[in-house]
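Structure assessment
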Amino acid sequence: MDPKPSLEALQQRIQELETELATQKKLVHYYQKKEYQRQRLKENHRETQEYLEQRVAERTKALAVSNEHLRQEIFERRMAEKALRESEEKYRLLINNANDAIFIAQNGYAKFPNPKAVQMIGYSQEELAQIPYLDLIHPNDRSLVMARKDKKREGESITSTYSMRIINRSGKEVWVQLNATPITWEGRPATINFLRDITEQKQLEAQLQQAQKMEAIGTLAGGIAHDFNNILYPIIAYTELLKLDLAEDSQALESLDKILSATHRAKELVQQILTFCRKTPQELKPVQIQPVIHGALKLLRASLPSTITFEVNIADDCGVILADPGQIERLFVNLCTNAFHAMEQEGGRLTVTICRETIQTGNPSVPRPGEYLHLAVTDTGHGIPKEHLERIFDPYFTTKESGKGTGLGLSVVHGIAKSHGGELAVDSQIGKGSTFHTYFPLIDAGVDQKISIFPEPIPKGSESILCVDDETEIAEVVCLMLESLGYQVTQMTSSLAALEDFKRQPDAYDLVITDLTMPDLTGDRLARQILSIRNDIPIVLCTGYNHRLTKKDSQAIGIREHLIKPITMLDLAKAVRKALDTKISERRHAFRHKAAPGTIAFPLYSPSCRGQVLDISKGGLAFQFMENCASAPMKKNDQFTIHVQDSGQAEPLQVQCRIVSLSAADGHPEAVAPAGHRCSVQFSALTAEQNGRLEHLINRQAFTKNR
């Protein structure tokens, strides 16, 4: 058996155990610490995991929102790109199909022209990029463009739109309206330009201006014609009156005939000017055009310079065509004017040829064979280039410089020729001249031949006439002419005074002659008022020139004759006689009833001068004297009271009347009323009672006659 451990051993053992215990405690503490750390790490891991999970969730949510925004942005971007593409397509379609030329002007060159610009200017996009923009502008308008550019550079306010001319690739002048707007293009200054072709508008403006000029000239010519015709009228009238006073073998007659011939030429010249200046409706009638051409040649010789010589070859027998003389004259004047422009610089010869020509089949100029009048106008000018020959009859086509023509002359010629069923052709050689051929189909018809000044006896009369004209010279000469023809004439220079005189004695006159243009009361208004007083009075209207009142208008008022001054004695005499005879004819046929036997009429101042009533109407009656009444001289226009006694009436019908026709028997002076003498009277100022009794008398006359 082992000996008992010693104290020291025990103490050592205790110390070892204490050391071991301490070591164990340290281990326990270490492991506890480690456990705590592990727990802390676990807790931290959990917290970290929770935090990370939270952060992941938050981030995921943010990413989802961000993704949604991104998707929306992508969608919006795609929509914007689509809209941009559609907008670009729309603008491209708009630009490419615009009726205006559009391009960018930068550094003096035109860029990105649209198809209309290429078409208008005639150059491709690549060619335009090599041509300075200023070279495309008409030389006369370049200064305008540069001046506007300088003003804009200096800051001056100017309109962005203005008109100018450009020259296209074919050399044609094109009027354009330009609208230039400053922009920035590719980081540099530029302008976007819009060009609108206004050539047709300019042509229409020129046509309107020409029409206004012609209207103004026509108005001026009308005023001149009125005054000039009034001047010619007394010259013609006094010359004709002087001829009547001379013996047939007087040497002065030849001189007077020359005066009349000159005044008639002056009258024709005025008419030609009016025809040229005014637009008259086309009236086709059988015409021999030689007088028309000769008249136009007189006007042309007076207006063209002496450097142009005329050669006229007009055949005597050219036949007759269906034409408007005014239109033929216009065609001829236009052809001659065109020929003059071709020879204006150096002068030359203008040849006019008119002849009859038979056209055979196969003629390219005249496709229809037959008989034609051939009018040719030839000049010795510069000729027409071949490339222009096909376009010379196009409206507004002209090769003349500005101010030398509108391009309408030959198109008007073409239109007139076609409207007359004619054909037009042209032959031309450069440096030698041109010939314009016009062919009009001939017709089988006669035309009125030119008559001499007094080709027939001048009709005369003895009626009473009221003559009204505000110009004393004309009124006097008309009175002299009418009095020389046997009429009784009352002269008035005031239309108002004439109206008052007619109101006082409406039955004193058989006819009224009045001028149209008068102060206070014009001729047409005077005629209306006179006719309202006495609707059967014949009226002859005279005028120097008036476009507002035509012959048709005059007839609608009730005017019998419409004369244009200057008027020859023959024309005046025929018009007066025609108006008076028409009135007598109308009166004779206006409800006249043959009187029954036993109906008599006698003047109140001479009851013994009884007459057998032949016929009766509401307007008057005719009777034949039953015995000689030399003691009661009667003459035309006498006014008296007449009694009409019917065997079936107790009292005679008493009415005021005026003698309108008186026929004396052979061998008796007119103042004597022999048996068989016929007298026609016109009733005047009948009352309602007299009208009633007259109607009863006429009805009874018809009843008695028919029994």
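One structure accompanies this document, and this report is about it.

Basis of the calculations
Residues numbered from 1 in each chain as written. Predicted model: local features only at pLDDT ≥ 70, side-chain atom pairs only at ≥ 80, totals over all residues. Heavy atoms only, no water. Helix = DSSP H or I, 4+ residues; strand = E, 2+ residues; numbered from the N terminus. Buried < 20%, exposed > 50% of the residue type's maximum accessible area, 1.4 Å probe, protein only. Contact = heavy atoms within 4.5 Å. Areas by Shrake-Rupley, 256 points an atom, 1.4 Å probe, with all protein chains shown as cover. Pairing = 2+ DSSP bridges. Axes fitted to C-alpha atoms, helices over the stretch in contact; angles between N-to-C directions. Expected span 1.5 Å × (residues − 1). Core = buried A, V, L, I, M, F, W, Y, C linked by side-chain atoms within 4.5 Å. Phe/Tyr/Trp six-rings, centres within 6.5 Å; stacked < 30°, edge-to-face > 60°. Lys NZ or Arg CZ within 6 Å of the ring centre and 35° of its normal. Patch = residues over 30% accessible without salt bridge, like charges linked within 9 Å, V, L, I, M, F, W, Y side chains within 5 Å. Salt bridge = Lys/Arg side-chain N within 4 Å of Asp/Glu carboxyl O. Lys, Arg positive; Asp, Glu negative; His and termini not counted. Charge placed at Lys NZ, Arg CZ, Asp CG, Glu CD. Parallel < 35°, antiparallel > 145°, perpendicular 65-115°, else oblique. Nonpolar A, V, L, I, M, F, W, Y, C, P; charged D, E, K, R; others polar. Left-handed = near helix turned anticlockwise from the far one by under 90°.

Focus on the overall build of the chain
A count of helical and extended segments in the chain gives 16 helices and 24 strands. The burial tally for the chain puts 38% of its 707 residues in the buried class. Taking all contacts inside the chain whose residues are at least 6 apart in sequence as the whole, residues at least 24 apart take part in 63%. Working note: accessible area of the chain is about 40900 Å², and carbon and sulfur atoms make up 52% of it.

Remarks on the sheet that holds strand β2 (residues 109–111)
Within the open sheet, the 5 strands sit side by side as β2-β1-β5-β4-β3. Their pairing is antiparallel. Both edges of this open sheet fall to β2 and β3 (161–167), since each of them pairs with a single strand only. When strand polarity is set aside, the average angle formed by the axes of neighbouring strands in this sheet is 40 degrees. When strand β4 (residues 173–185) meets strand β5 (residues 188–197), the two strands line up antiparallel, connected through 10 bridges. Bridged to T181 within β5 is I192.

Examining helix α4 (residues 142–153)
With 12 residues, α4 ought to run about 16 Å at 1.5 Å a step, and its terminal C-alpha atoms sit 17 Å apart, in line with that. Where α4 terminates, the next one or two residues include G155, which has phi positive at roughly 90 degrees.

What about the environment of K151?
In this fold, K151 is placed in helix α4. In this view, K151 contacts E156 and I158; residues no more than four positions away in its chain are not counted.

A closer look at the nonpolar core
Taken as a class, soluble globular proteins show a tendency for nonpolar side chains to be buried jointly. In this structure, F332 and L373 are the most contacted members of the largest nonpolar core, which totals 39 residues. Per element, the largest residue contribution to this core is 9 residues, and it comes from helix α8 (residues 325–343). Grouped together as the second largest cluster of nonpolar side chains are 29 residues, A237, L511, I513 and V540 included.

Comments concerning unusual backbone geometry
Of note, the bond from K565 into P566 is cis; its omega dihedral lies within 30 degrees of zero at -5 degrees. Note that P566 resides in the loop between β17 (561–564) and α15 (569–589). A positive phi angle, near 50 degrees, is found at F112, a position not held by glycine. Along the chain, F112 falls in the loop between β2 and α2 (115–121). The phi dihedral of E186 is positive, around 55 degrees, even though this residue is not glycine. Looking at the secondary structure, you find E186 in the loop between β4 and β5. Classification of E186 as exposed rests on a relative accessible area of 57%.

Thoughts on the packing of aromatic side chains
This structure, assessed with the given rule, holds 5 aromatic pairs. With 5.2 Å between their ring centres and 55 degrees between their planes, F112 and W185 make a pair best called tilted. Of this pair, F112 sits in the loop between β2 and α2 while W185 sits in strand β4, and the two are 73 residues apart along the sequence. On the accessibility criterion, F112 (45% relative accessible area) is partly exposed. The side chain of K202 reaches across the aromatic face of W175, ending 4.6 Å from its centre. A cation sits over an aromatic face here: R301 above F310, 5.2 Å from the ring centre.

Focus: the sheet that holds strand β14 (residues 488–492)
Within the open sheet, the 5 strands sit side by side as β14-β13-β15-β16-β17. Their pairing is parallel. Only two strands of the sheet have a single neighbouring strand rather than two, namely β14 and β17. When the angles between neighbouring strand axes are averaged without regard to direction, this sheet yields 20 degrees. Direction of pairing for strand β15 (residues 511–515) relative to strand β16 (residues 539–543): parallel, over a ladder of 4 bridges. By the bridge assignment for β16, T514 is matched with L541. Running over the sheet, helix α11 (residues 472–484) touches β13 (464–468), β14 and β15 and is turned about 175 degrees from β14.

Things to note about a negative patch on the surface
A cluster of acidic residues, D227, E471, E473 and E476, forms a negative patch on the protein surface. Turning to its location among the elements, E473 is positioned in helix α11.

Section: the pattern of salt bridges
Considering all chains together, one arrives at 28 salt bridges under this definition. One salt bridge in this structure joins R55 and E58, with 3.4 Å as the shortest N-O distance. In this pair, R55 and E58 are both assigned in helix α1 (residues 7–97), 3 residues apart and thus about one turn of the helix distant. Judged by relative accessible area, E58 falls into the partly exposed class, the value being 38%.

Here we look at the pairing of strand β10 (residues 370–379)
Of all 10 residues that make up β10, 7 are buried, and the element is covered over most of its length. Relative to β10, strand β9 (residues 348–359) is paired through 9 bridges, and the arrangement is antiparallel. In the sheet register, T353 faces β10, and the bridge partner there is A376. Of the pairings in the sheet, the one linking β10 to strand β12 (residues 433–443) comprises 8 bridges and is antiparallel in character.

Side note on the packing of helix α12 (residues 495–504) against helix α13 (residues 523–533)
In the contact formed by α12 and α13, the axes pass within 10 Å of each other and the chain directions differ by 5 degrees. One finds that α12 runs roughly parallel with respect to α13. Residues S495, L499, F502 and K503 of α12 lie in contact with α13, whose contacting residues are L526, Q529, I530 and I533. Along the lines of polarity and charge, the residues of the contact of α12 with α13 split into 5 nonpolar, 2 polar and 1 charged.

A closer look at the side chain of T543
By the element assignment, T543 lies in strand β16. If sequence neighbours within four positions are ignored, T543 has contacts with D515, L516, H562, L563, I564 and K565.

Quick notes on the pairing of β9
Judged from the 7 bridges that link them, strand β7 (residues 308–314) and β9 form a sheet pairing that is parallel. Paired with N313 across the two strands is T353, which belongs to β9.

Points about the environment of C467
Looking at where C467 falls in the secondary structure, it is placed in strand β13. Under the relative-accessibility criterion, C467 is labelled buried at 2%. Those residues in contact with C467 that sit more than four places away from it in its chain are A475, V478, C479, V489, T490, Q491, M492 and I513.

Quick word on the packing of helix α7 (residues 290–303) against α8
One way to put it is that α7 packs onto α8 with a least axis distance of 10 Å and a crossing angle of 45 degrees. Taken together, the axis directions place α7 and α8 in an arrangement best described as oblique. As for the relative orientation of α7 and α8, their crossing is right-handed in sense. Across the interface between the two elements, V292, I293, A296, L297 and L300 from α7 touch P325, I328, E329, F332, V333 and C336 from α8. Residue composition of the contact of α7 with α8, by class: 10 nonpolar, no polar and 1 charged.

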